[in-house]
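# Survey of secondary and tertiary structure
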Amino acid sequence: MGETICIIDGHPHRGKGHLCHALAEAYKAGAKDAGHKVTTLTLADMDINFLRDPADFETPASGDIAKAQKAVSAASHIVVVYPLWLGTMPALVKAFFEQFARGGFAIQESEHGWPAKMLKGKSARVIVTMGMPAAAYKVFFGAHGVKGFESGILGMSGFKPVRETLIGGAGALSDKRAASLFGRMRALGAKAS
């Protein structure tokens, strides 16, 4: 019996020509071919507002966010795909995760004051595309934007392990490299990793 996977396609633009969308589709194809059950959340198609009042964080989610919480609850593994914008995730992705965590869904305050991880038992993969070489992002910039997401949002929510795939040079992929990347995504999807 296969895994249940939730893919979160975080590219903010609906256009079909984006690498993030194609990577999410390749992962999904590999997973489905291997017998895994897959749900995809396309953030560009969702109604996602910004949280402005801290009190709202305590209230339950509704609409698209409640549906996303249900999809993640049912999943044993999530995949988050987004482009690197200004060194971190696009604002839409951050807004989604703030809404997603509301109502104690992802993190609750424990009696000891340390956050209770509400999504323990689930694993995650973060796939980030960027124009610069991935090694330069890691070495010269410390990959702080991605690390903050992995530890501060996913890790605090209980996801473990959290694996990452950083894809540099996204704007100048040769056909050969693109085919290799899509093959790699299909293989990761097949392994639910």
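Residues numbered from 1 in each chain as written. Predicted model: local features only at pLDDT ≥ 70, side-chain atom pairs only at ≥ 80, totals over all residues. Heavy atoms only, no water.

What follows deals with the pairing of strand β6 (residues 123-129). In terms of burial, β6 is a largely internal element, 7 of the 7 residues being buried. Burial along β6 is two-sided: Ser123, Arg125, Ile127 and Thr129 facing one way and Ala124, Val126 and Val128 facing the other are all buried. Pairing of strand β3 (residues 77-83) with β6, which is carried by 7 bridges, proceeds in the parallel orientation. The residue of β6 that forms the bridge with Val81 is Ile127. Of the strand pairs in this sheet, β6 and strand β7 (residues 162-167) are connected by 6 bridges, and their pairing is parallel. By the bridge assignment, Val126 is partnered in β7 with Glu164. (Buried < 20%, exposed > 50% of the residue type's maximum accessible area, 1.4 Å probe, protein only. Helix = DSSP H or I, 4+ residues; strand = E, 2+ residues; numbered from the N terminus. Pairing = 2+ DSSP bridges.)

Relative to the helices and strands, His36 resides in the loop between α1 (19-33) and β2 (37-42). Among residues more than four places away in sequence, those in contact with His36 are Gly2, Glu3, Ile5, Ala31, Gly189, Ala190, Lys191 and Ala192. (Contact = heavy atoms within 4.5 Å.)

Before going further, it helps to spend a moment on the nonpolar core. Core analysis: the biggest nonpolar cluster contains 39 residues, and Ile8, Ile78, Tyr82, Phe96 and Phe97 have the highest contact counts within it. At 7 residues, helix α4 (residues 91-101) tops the list of elements feeding residues into this core. Residues in contact with Phe96, not counting those within four places in the same chain, are Ile8, Leu41, Leu43, Met46, Ile48, Ile65 and Ala68. Counting residues in hydrophobic clusters, the runner-up holds 18 residues, among them Ile5, Ile127, Leu181 and Met185. (Core = buried A, V, L, I, M, F, W, Y, C linked by side-chain atoms within 4.5 Å.)

With that settled, consider unusual backbone geometry. Here the amide bond leading from Lys160 into Pro161 is cis, since omega sits at -5°, within 30 degrees of zero. As for its placement among the helices and strands, Pro161 is situated in the loop between α6 (144-157) and β7. With phi around 55°, Leu86 is a residue other than glycine that occupies positive phi space. Structurally, Leu86 is set in the loop between β3 and α4. Taking relative accessible area as the criterion, Leu86 reaches 89% and is therefore assigned exposed.

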